[in-house]
Amino acid sequence: MANRKRTLLPNLNKLRRQADKVERAAHKQHQTFISGKVQMAREIRFDVGAWLGLIGLLLLALICQGILYRQSNETTASSSGGAYAEGIIGEITSFNPLYAETNDEKALSSLVYSALLKTDQTNSLTGDLAERWTVSSDGLNYNVKIRTGALWHGSEQPVTADDVLFTVQLMRDPLTQSSLYETWKNIEIAKIADDEVRFTLRTSLVSFPWALNFGILSKEELKNVNRDELREYLSDHIAAGSGPFVFRNISLSGSKNKILYFAPNPKYFDGAPQIEALHIETYSDSQALIKGFKGGEINLASGISLESARENVGSNLYSTPVDGGIFAIFNTESAITSSPTVRQALRAALDRDQIRQSVAVGDQAPNALETPIAAGIFSQVDTLRQPVDNISEAERLLNADGWQYNNQLRRVKDLSPLKIKIVTVENSDYATAAAEIARQWNSVGVESEIVLASAQDIQQNFIMQRNFDVLVYRLELGGDGDVYSYWHSTGAREQGLNLANYKSAAADVFLARARTQIDTTTRGNTYKDFVETWINDVPAIALYQANLYYLKTDPVHAWQGKSLTDKSMRFRDVNNFTVNTIDVNKTP
């Protein structure tokens, strides 16, 4: 047994040594094939992560570089297509050239009916259907050459001298009952050739070319319609035109607004319009118009009120100066304002800059207006200024005319108060200006009664009857400078446009002479003489230039130019309107 025990012990020792050897080998294998690999994997993962991060940074840099390159080398440009939808306030009764009366009706008329002349983006006259026009040395004859390539809608028939002659004859015929009758009744027209006509005036009238903006009608289409039935016929039929758009139809919106649909004329002689369709939707008031714009019914809201403009100051609000002036017009035959001294005093009491600020939208006040003639026409007139406000001078003049303060600090004369009846249009910037005028006059003891009338009521009950002391109102000044109808004594009648009943022998001479003078410098000097007389006589106070406020969506590109002669001219370059945009590379 002892020998056997001795034999087993060495074997156990041997086994331990072998086990230790196996353990060491296993540990080595673990280090080599497991722990080492894990460590290696960790090291590789770190390297891979670093490389991936570096690649990510490089990709990010490339993307940023691409964006920067795109921003520096691409720009947004207008593109063709899409529909232009404009909202307006009020009804459209007719947009036929013979019967269109409001600015919106005249604007729609220009979409369908081409005129002989129109205004460009600088408010200068340019040819529409007219290729050229010339005037005789005595200023009595105007020859107009008609361009080739102007076709009637849906036809291959050209517009000719016969069509122009026919249209003028319609305007001159009292049976037609055209709103243009008074303008054209004394003007003769003759056909010189198939593409040329001659207008003959009884007296020279330099501003006559501005009257050649009436739409031309087709003789072939209307020659068999009795003239005393023409208005009724045209209320049911839309006559063909040669303008940039063709009238399609009228429908009612969900809110019962009228929508007028127009399609582009692909054969328009000045280039087919870029938009695919044009819609005009009528609204009852400014509030409804704004709601329609915000609801996406239209992409341009035209002619919003001052209040609505102030409520919508921001990126969608725009304004365009219009060659219309806002005036405080004195009734020179009223008991109180018939006195030139009182009129001078009332003007001296007004801070006109403060009045402009009272009708400002945001931080933008309308342009100042100094004379009854639009700025930029005659340099001689542009240098003239009305006297600035001077309270001390106002007080002196009122005292000199016998108007003294009473115990209530009101001006009285022979126990009668100095009370001014100011009439203006309700819901307009004129009403805001009138309130500011009354506030300022109150500071010199003048009491004011402000009467707000609707646009229809003010004509019938106040303007025609001259039922006011002061009328805060807008006069359309136009682009030619001829203001004869507003200030010549012949217009001082119920149907006349001399709303002040202003009668001045000197002013009459200057106004009559200026409109016949062909030489621009001489004409400008004559108007300067008239304006100096006008400022001295104070038949009115020029307050500020009118603004046309509108909302539009960003892609809409329309109404180009610094200003408009009036709102009816806003479609003068409608064939260039766009509503879509695309990204394009910049030209190197």
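Not measured: the values here are computed from a predicted model.

Criteria and cut-off values
Residues numbered from 1 in each chain as written. Predicted model: local features only at pLDDT ≥ 70, side-chain atom pairs only at ≥ 80, totals over all residues. Heavy atoms only, no water. Core = buried A, V, L, I, M, F, W, Y, C linked by side-chain atoms within 4.5 Å. Buried < 20%, exposed > 50% of the residue type's maximum accessible area, 1.4 Å probe, protein only. Helix = DSSP H or I, 4+ residues; strand = E, 2+ residues; numbered from the N terminus. Phe/Tyr/Trp six-rings, centres within 6.5 Å; stacked < 30°, edge-to-face > 60°. Lys NZ or Arg CZ within 6 Å of the ring centre and 35° of its normal. Arc of directions from axis to C-beta. Contact = heavy atoms within 4.5 Å. Polar contact = N/O pair within 3.5 Å; in protein donor to acceptor, adjacent residues only side chain to side chain. pLDDT = per-residue confidence, 0-100. Pairing = 2+ DSSP bridges. Axes fitted to C-alpha atoms, helices over the stretch in contact; angles between N-to-C directions. Patch = residues over 30% accessible without salt bridge, like charges linked within 9 Å, V, L, I, M, F, W, Y side chains within 5 Å. Areas by Shrake-Rupley, 256 points an atom, 1.4 Å probe, with all protein chains shown as cover. Salt bridge = Lys/Arg side-chain N within 4 Å of Asp/Glu carboxyl O. Lys, Arg positive; Asp, Glu negative; His and termini not counted. Charge placed at Lys NZ, Arg CZ, Asp CG, Glu CD.

**Looking at the nonpolar core**
Counting 86 residues, the largest nonpolar core has Trp441, Trp487 and Phe530 as the members making the most contacts within it. In terms of residues, this core owes the most to one element, strand β20 (residues 540-552), which gives eight residues. Grouped together as the second largest cluster of nonpolar side chains are 65 residues, Val164, Val168, Leu222 and Leu564 included.

**Some points on the packing of aromatic side chains**
Inspection of the entire model under this criterion finds 19 aromatic pairs. By the ring-pair criterion, three or more aromatic residues cluster together here, those being Tyr142, Trp184, Phe199, Phe208 and Phe214. Over the face of the ring belonging to Tyr405 we find Arg411, whose NZ or CZ atom lies 4.0 Å from the ring centre. In this structure, Lys552 packs its charged tip against the face of Tyr318, placed 4.5 Å from the ring centre.

**So, helix α12 (residues 391-400)**
Along α12, the positions that sit buried rather than exposed are Ala394, Glu395, Leu397 and Leu398. Looking straight down α12, one finds that the buried residues subtend no more than 165° of arc, so they occupy a single side. Of the exposed residues in α12, those oriented more than 90 degrees away from the buried face are Ser392 and Ala400. Each element contacted by the buried residues of α12 is listed here: α9 (340-348), β14 (404-405) and β15 (411-413). For α12, the N-terminal capping position is held by Asn390, with its side-chain oxygen 3.2 Å away from the main-chain nitrogen of Ser392.

**Things to note about the environment of Glu476**
One can find Glu476 in strand β19 (residues 470-476). Separated by 90 residues in the primary sequence, Glu476 and Asp566 have C-alpha atoms spaced 7.2 Å apart. A distance of 3.1 Å separates a polar atom in the side chain of Glu476 from a polar atom in the side chain of Arg474.

**Here we look at the confidence of the model for the protein chain**
Confidence along the protein chain averages 89 in pLDDT terms, with 87% of residues attaining 70 or more. Within the model, pLDDT remains below 50 along residues 1-10, and this stretch shows zero contacts once partners closer than five positions in the same chain are excluded.

**So, the pairing of strand β8 (residues 196-200)**
Relative to β8, strand β6 (residues 141-146) is paired through five bridges, and the arrangement is antiparallel. Residue pairing across strands places Asn141 opposite Thr200, the latter belonging to β8. Relative to β8, strand β7 (residues 188-193) runs antiparallel, the two sharing five bridges. Across the sheet, the residue bridging to Ile189 is Phe199, located in β8.

**Details of the sheet that holds strand β9 (residues 245-252)**
The 10 strands are arranged β9-β10-β11-β2-β12-β20-β13-β19-β17-β18 in an open sheet whose pairing can be described as mixed. Each edge of the open sheet carries a strand with a single partner, namely β9 and β18 (447-453). With direction set aside, neighbouring strand axes in the sheet form an average angle of 25°. Pairing of strand β13 (residues 317-330) with β19, which is carried by seven bridges, proceeds in the antiparallel orientation. In the sheet register, Gly325 faces β19, and the bridge partner there is Leu475.

**Observations regarding the environment of Glu220**
Examined against the element boundaries, Glu220 turns out to sit in helix α5 (residues 219-222). Given the relative accessible area of 60%, Glu220 is considered exposed. The spatial distance from the C-alpha of Glu220 to the C-alpha of Gln157 is 9.8 Å, given a sequence separation of 63 residues. Within the structure, Glu220 has its side chain in polar contact with the side chain of Lys223 (distance 3.3 Å).

**Quick notes on a negative patch on the surface**
On the surface, a cluster of negative charge is contributed by Asp228, Glu229, Glu232 and Asp236. Along the chain, Glu229 turns up in the loop between α5 and α6 (230-236).

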